[in-house]
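# Structural overview
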Number of protein chains: 2
Amino acid sequence: MYKEIENSVCAPKGFTAAGMHCGLKKNKNKKDLALIYCDKICTAAGVYTTNAVKGAPVTVTKENLKNGLAQAVICNSRNANTCNKDGEEKAKLMCSLIAEKLNINESDVIVASTGVIGQTLPIEPIKNSCGELVSKLSKTGANDAAQSIMTTDLFTKEAAVEVALKDNTLVKIGAIAKGSGMIHPNMATMLCFVTTDINISSQMLAKALKYASDDTFNMLSVDGDTSTNDMLTVLASGQAGNNIIEEENDDYKVFCEALKFVCRKMTVLMAKDGEGATKLVVCKVSGAENKKIAKCVARAVISSNLVKTAMFGEDANWGRILCAIGYGYNEVDVSKIDVLLSSENGKVDVCQNGYGVEFSEEIAKEVLSSDEIDININLKAGNSYAEAFGCDLTYDYVKINGDYRT
Amino acid sequence: MYKEIENSVCAPKGFTAAGMHCGLKKNKNKKDLALIYCDKICTAAGVYTTNAVKGAPVTVTKENLKNGLAQAVICNSRNANTCNKDGEEKAKLMCSLIAEKLNINESDVIVASTGVIGQTLPIEPIKNSCGELVSKLSKTGANDAAQSIMTTDLFTKEAAVEVALKDNTLVKIGAIAKGSGMIHPNMATMLCFVTTDINISSQMLAKALKYASDDTFNMLSVDGDTSTNDMLTVLASGQAGNNIIEEENDDYKVFCEALKFVCRKMTVLMAKDGEGATKLVVCKVSGAENKKIAKCVARAVISSNLVKTAMFGEDANWGRILCAIGYGYNEVDVSKIDVLLSSENGKVDVCQNGYGVEFSEEIAKEVLSSDEIDININLKAGNSYAEAFGCDLTYDYVKINGDYRT
């Protein structure tokens with residue numbers, strides 16, 4: 001659908017990136033400090049966690065983005081800089097330290113942190129590395145940056161696309177993100193940094209970002225816990241050369257859809273790499289009276305621990321899916337619900353009109369043995385559709401989270 | 001506080017019970033059919049799951065209890081009789097089969113089923129056993145009945161108390177219940193059958209039951225999944241001989257508190273025996289502006305997979321507790337929150353005024369090594385209090401639910 005290209009956040013014109021080990025993570029081979037930079041000031045926007053307990057970087061970034069402008073993103077992993085007395089002070093220090101080396105205004109920096117909550121952030125390693133980090137900035141540095149924001153992630157999450165506007169101007173959009181636990185739909189539940197070279201006002205950029213995230217990041221759940229530090233930001237350099245977008249015109253619509261495509265791609269990567277996950281699970285709800293109902297049902301199913309463990313066990317225990325539908329939308333007309341399980345290995349009808357249908361356990365097992373499973377639900381009550389993204393619940397989730405701090 | 005007595009549901013005057021293996025469970029040593037009976041008609045009340053997908057027995061019991069009268073409870077395990085085309089027919093058949101043997105009206109039977117959803121209920125084993133079940137009724141049959149309603153429960157759940165009314169009439173209340181998965185606060189999330197010999201109108205009985213369950217069963221979460229078949233019912237024989245309670249007088253209040261005590265006891269047993277659980281976790285929230293906020297916060301903490309895995313790992317990762325408080329009530333004043341972890345092994349302050357305090361990891365580990373842990377949260381914003389009941393999330397939860405049907 002979209003032409004996918006290399007170099008994620010460095011693909012759009014104007015952007016470079018870097019990542020390195022500064023000393024926050026114990027293992028010296030693991031990078032822990034990322035930088036994304038644009039050679040000119042950008043319009044910018046963000047969406048943030050709705051959790052009342054907010055990471056200090058979230059507060060500082062919100063303040064810095066009030067004027068709709070930014071030029072760089074700095075992000076460390078291993079420590080969330082949340083619930084610390086000196087949190088805001090340290091977050092601001094991260095901005096000023098990197099701004100000085102980049103020779104930009106400190107209020108034009110987006111700052112983010114991810115990792116353990118409630119441990120004082122050691123600022124020395126960051127302070128001592130800002131110079132080197134800036135010297136590492138390059139057009140090929142996106143993967144290093146993506147590595148540097150990983151916590152329990154098993155792989156880096158990157159994507160970029162190219163799309164043509166009405167006048168054939170080519171626009172690029174790139175993104176890096178990190179998962180992989182404490183993820184539940186409630187405004188930008190994770191860290192994701194998007195860059196683009198489109199020329200767009202910060203107001204329209206914010207609108208596009210909300211549009212793109214509502215059906216993607218906000219429909220993702222790994223474990224039901226809405227994190228304290230989540231943010232999704234976008235920087236637009238304007239260097240693609242299109243006429244500036246200041247209203248909802250055709251170019252705006254093209255950009256929105258391409259941005260949503262990139263966001264969906266990152267969402268799927270995050271679900272796939274959910275803590276301990278062995279399977280990506282997508283719940284596709286059709287035939288709902290309205291979009292809100294479709295979303296509620298999709299989220300309930302994808303968030304159910306019992307559905308998630310059944311997916312892990314490759315057990316077509318569809319009663320649990322019905323159960324989750326029923327509490328997800330407690331006025332649903334049960335007598336109309338159809339459920340179909342599908343994957344690259346085939347498909348199997350398990351429930352029609354609210355009742356079980358006979359199916360081959362062998363075929364069901366085969367369908368569920370895939371590492372990407374779709375739970376297709378038709379409510380047959382309207383025309384609205386929504387999808388939610390999640391993963392299975394495994395022994396490894398418990399293992400990873402039983403002793404995360406040490 | 002209350003005098004606890006033996007024989008649970010058989011303790012109140014007029015009641016007998018029985019339990020046996022009828023053939024639904026594969027293992028012949030496991031009982032799967034329970035009966036509770038009163039020698040005279042009782043006033044009765046129930047609260048039920050709010051899930052739109054309701055088990056057929058829930059529908060039939062609701063109908064049967066419309067007149068506020070009942071005389072017997074029949075319950076099978078292994079099969080939930082939910083999402084089956086012939087579900088209601090079978091549930092009604094269970095009522096009429098047992099009513100015939102007991103020589104009572106079939107609409108005076110409370111019927112319940114628990115187990116796998118969406119598999120046709122084999123009625124023959126039940127039909128063939130009703131005679132024997134009735135013949136087994138005795139004053140010592142409560143434990144057999146409690147065994148017969150177990151699914152993944154590891155132990156039976158029983159309690160009974162004796163309490164004196166104003167005129168010194170002694171009233172008894174007994175209960176049996178089953179957990180242990182698909183449990184999340186939303187009106188009576190499990191099966192629990194209560195008996196009492198108090199003389200009370202069915203209207204006041206219903207009111208008392210709601211009062212008692214709101215702070216107990218409705219504050220329990222094992223895994224966030226609100227089941228399809230949950231019900232809590234109470235039968236009152238009136239044989240204690242007190243003046244009938246028809247208004248909110250002193251005796252009503254005494255009864256309400258005693259009923260709540262029994263319900264809380266069953267709630268704690270269910271949390272303790274949550275699927276895969278190694279620890280009972282109680283979250284006690286004080287200092288809230290109102291009860292609703294206190295409940296929201298307590299529920300969010302007790303339901304958090306990340307808090308639950310940390311408890312399993314005996315890791316004082318209090319940042320996750322703050323995180324859950326923040327999404328549980330997203331207008332909380334973070335700067336006032338205190339968190340204290342405690343158990344029989346001691347206590348440890350981990351957070352004061354929203355920030356971490358230095359604590360000994362050794363002492364924290366010692367506190368968390370207990371199998372009953374209290375998470376004490378003070379919001380310092382008012383005088384309201386609530387507690388929620390849950391358990392840790394373990395490898396065994398995943399194991400039990402990865403392949404439940406086979």
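A short tour of the structure in this document, coming up. (Residues numbered from 1 in each chain as written. Chains lettered and ligands numbered in written order. Predicted model: local features only at pLDDT ≥ 70, side-chain atom pairs only at ≥ 80, totals over all residues. Heavy atoms only, no water.)

Our next topic: the relation of the copies chain A and chain B. What relates the two chain copies is a rotation about an axis together with a slide along it. In screw terms, the move from chain A to chain B is a rotation of 180° and a rise of 0.0 Å along the axis, fitting with an RMSD of 0.0 Å. Such a combination of turn and shift is consistent with a two-fold rotation axis. If distances are taken from each C-alpha of chain A to the rotation axis, the shortest is found for Y395 of chain A, at 2.6 Å. The residues that chain A uses at the interface reappear at the interface of chain B in 100% of cases, marking a shared surface. (Least-squares fit on C-alpha atoms with pLDDT ≥ 70 in both. Contact = heavy atoms within 4.5 Å.)

All names here are of chain B. With mixed pairing, six strands are arranged side by side in an open sheet as β13-β12-β11-β14-β10-β15. Both edges of this open sheet fall to β13 (355-356) and β15 (384-391), since each of them pairs with a single strand only. Sheet topology note: the strand β10 (residues 280-288)/strand β14 (residues 372-378) ladder contains seven bridges and is parallel. Residue pairing in the sheet places V285 in a bridge with I377 of β14. This element, helix α6 (residues 250-272), spans β10, β14 and β15 of the sheet and lies at about 40° to β15. (Pairing = 2+ DSSP bridges. Helix = DSSP H or I, 4+ residues; strand = E, 2+ residues; numbered from the N terminus. Axes fitted to C-alpha atoms, helices over the stretch in contact; angles between N-to-C directions.)

Here the focus is the sheet that holds strand β15 (residues 384-391) of chain A. Residue and element names in this part refer to chain A. Overall, mixed pairing links the six strands, which are arranged β13-β12-β11-β14-β10-β15 in an open sheet. Pairing within the sheet leaves two strands with one partner each, and these edge strands are β13 (355-356) and β15. Pairing analysis gives two bridges linking strand β12 (residues 346-352) to β13, with the strands arranged antiparallel. Opposite C351, over in β13, you have G356 as the bridge partner. Each of β11 (338-343), β12, β13 and β14 (372-378) touches helix α9 (residues 318-328); the most contacted strand, β11, lies at about 125° to it.

Under the counting rule described, the total for this entry stands at five aromatic pairs over all chains. Relative to Y395 of chain B, the ring of Y395 of chain A has its centre 6.4 Å away and its plane inclined at 45°; by these criteria the two rings are tilted. Taken together, the positions of Y395 of chain A in helix α11 (residues 395-402) and Y395 of chain B in helix α11 (residues 395-402) put the pair across two chains. Judged by centre distance (5.5 Å) and plane angle (85°), the ring pair of F312 of chain B and Y395 of chain B falls under edge-to-face. Placement of the pair is F312 of chain B in helix α8 (residues 305-312) and Y395 of chain B in helix α11, with a sequence separation of 83 residues. Assessed through its relative accessible area of 23%, F312 of chain B is described here as partly exposed. Assessed through its relative accessible area of 32%, Y395 of chain B is described here as partly exposed. One aromatic cluster is present, formed by F312 and Y395 of chain A together with F312 and Y395 of chain B through successive ring pairs. (Phe/Tyr/Trp six-rings, centres within 6.5 Å; stacked < 30°, edge-to-face > 60°. Buried < 20%, exposed > 50% of the residue type's maximum accessible area, 1.4 Å probe, protein only.)

Further remarks concern helix α7 (residues 291-303) of chain B. Here α7 of chain B contains 13 residues, and its C-alpha end-to-end distance of 18 Å stays within 8% of the 18 Å for a straight helix at 1.5 Å per residue. Residue N290 of chain B occupies the N-cap position of α7 of chain B, its side-chain oxygen lying 3.1 Å from the main-chain nitrogen of K292 of chain B. (Expected span 1.5 Å × (residues − 1). Polar contact = N/O pair within 3.5 Å; in protein donor to acceptor, adjacent residues only side chain to side chain.)

The next subject is the environment of L235 of chain A. Residues and elements named next belong to chain A. Here L235 is to be found in strand β9 (residues 231-236). Once the C-alpha coordinates of L235 and N401 are considered, the two residues, 166 residues apart in sequence, prove to be 33 Å apart. Excluding anything up to four places from it in sequence, L235 contacts F15, C42, T43, A44, A70, Q71, A72, V73, I110, V194, T195 and T196.

On to the pairing of strand β8 (residues 191-196) of chain B. Residue and element names in this part refer to chain B. Counting buried positions along β8 yields six of six residues, so the element is predominantly enclosed. Residue alternation in β8 divides its side chains into two sets, L191, F193 and T195 and C192, V194 and T196, and both sets are buried. The pairing of strand β7 (residues 170-178) with β8 spans six bridges and is antiparallel. Of the residues in β8, the one forming a bridge with K178 is L191. By the bridge criterion, six bridges tie β8 to strand β9 (residues 231-236) in an arrangement that is parallel. Paired with T195 across the two strands is L235, which belongs to β9.

Let us now look at the nonpolar core. Grouped together as the largest cluster of nonpolar side chains are 86 residues, with contacts concentrated most on I325, I375 and I377 of chain B. A total of 12 residues in this core trace back to one element, the largest contributor, which is α6 of chain B. If we skip the residues at most four places from it in the chain, I375 of chain B touches V281, V282, C283, K284, V301, V307, M311, I321, V339, L340 and L341 of chain B. In terms of nonpolar packing, the next biggest core, distinct from the first, is built from 85 residues, Y252, C256, L322 and F389 of chain A among them. (Core = buried A, V, L, I, M, F, W, Y, C linked by side-chain atoms within 4.5 Å.)

Attention shifts here to the interface of chain A and chain B. Interface extent is often summarised as the accessible area lost during association of the parts. Across the boundary between the two partners, chain A contributes 55 residues, which contact 55 residues of chain B. Together chain A and chain B conceal approximately 4500 Å² of surface at their shared face, both sides included; 59% is due to carbon and sulfur atoms. For the interface between chain A and chain B, the tally reads three residue pairs in polar contact (both at pLDDT 80 or more). When contributions to the side of chain A that touches chain B are tallied by element, the ones reaching two or more residues are α8 (305-312), α9, β13 and α11 of chain A. Here the side of chain A that touches chain B gets seven residues from one element, more than from any other, and that element is α9 of chain A. Taken together, the residues that form the side of chain A that touches chain B break down as 23 nonpolar, 21 polar and 11 charged. (Buried area = accessible area lost by both parts, 1.4 Å probe. Nonpolar A, V, L, I, M, F, W, Y, C, P; charged D, E, K, R; others polar.)

Once that is clear, we can look at the pattern of salt bridges. Residue and element names in this part refer to chain B. This structure, assessed with the given rule, holds 40 salt bridges over all chains. A salt bridge links K210 to D214; the nearest nitrogen and oxygen atoms lie 2.7 Å apart. Taken together, the residues K210 and D214, both in helix α5 (residues 202-214) and four residues apart, mark about one turn of the helix. The closest approach of N and O atoms between E387 and R264, which form a salt bridge, is 2.7 Å. Of this pair, E387 sits in strand β15 while R264 sits in helix α6; the two residues are 123 residues apart in sequence, bridging distant segments of the chain. We classify R264 as partly exposed; its relative accessible area is 30%. (Salt bridge = Lys/Arg side-chain N within 4 Å of Asp/Glu carboxyl O.)

Glancing now at the environment of M231 of chain B. All names here are of chain B. The residue M231 is located in strand β9 in this model. Take M231: its relative accessible area is 0%, and that puts it in the buried class. The sequence separation of M231 and I325 amounts to 94 residues, and the corresponding C-alpha distance is 29 Å.

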